[in-house]
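Given next are the chains, with one letter for each unit.
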Amino acid sequence: MYSDNKFITTTDVLATDSFYTVLFLYFSNIQVVAKGMIERGNGGSIVNISSAGTSVAVKDLTSYSSSKGALDVLTKGMAVELAPHKVPCDLLYTSYQAM
């Protein structure tokens, strides 16, 4: 899916697919989970999986890295909004290894 993802040749379809998969699916699924945690009143924890590619440029992964960067900002915003409900949100960063 992301093997040939050069910025200059990435199509709108591929970029949209990357953001849909990495950001929008997280967004809608976490909303459901967070609402349940708040309704139960017991708190909980949300940990999103991001990528080291959000802080270091990785060749040929521009749309993927930018969608993961958007997930990072989403998680930080969720952390602020959900903290009063005892639902901490954090990021787990994976590393990038060239093949």
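Parameters at a glance
- Note that residues are indexed from 1 along each chain, following the sequence as it is written.
- Restriction of local features to residues with pLDDT of at least 70 applies here, the model being predicted, together with a cutoff of 80 or more for giving and counting side-chain atom pairs; totals for whole chains, interfaces and linings are based on all residues.
- The side-chain numbers reported here are obtained from all heavy atoms of the structure, hydrogens and water having been left aside.
- Here a strand is any run of E in DSSP of at least two residues, a helix any run of H or I of at least four, and the numbering for each starts at the N terminus.
- Helix span is expected to be 1.5 Å times the residue number reduced by one.
- Relative accessibility decides the category of a residue: with a 1.4 Å probe and only protein chains considered, values under 20% of the type maximum give buried, values over 50% give exposed, and everything between is partly exposed.
- By definition, residues are in contact when any of their heavy atoms lie within 4.5 Å.
- Salt bridge, as used here: a side-chain nitrogen of Lys or Arg that lies within 4 Å of a carboxyl oxygen of Asp or Glu.

A. Helix H2 (residues 62-82), seen in detail. Given a rise of 1.5 Å per residue, 21 residues ought to cover 30 Å, and the 30 Å separating the end C-alpha atoms of H2 matches this to within 8%. Ser63, Tyr64, Ser65, Ser67, Lys68, Leu71, Asp72, Leu74, Thr75, Met78 and Leu82 are the residues of H2 that are buried. Buried residues belonging to H2 abut helix H1 (12-40), strand S1 (46-51) and strand S2 (89-94).

B. How the structure looks around the pattern of salt bridges. As enumerated under the stated definition, the model contains one salt bridge in all. Of the charged contacts in the structure, one is a salt bridge between Lys6 and Asp60, with a shortest N-O distance of 3.6 Å. Residue Lys6 is located in the segment before H1, and its partner Asp60 is located in the loop between S1 and H2; the two are separated by 54 residues in the primary sequence. Owing to a relative accessible area of 34%, Lys6 belongs among the partly exposed residues under this scheme.

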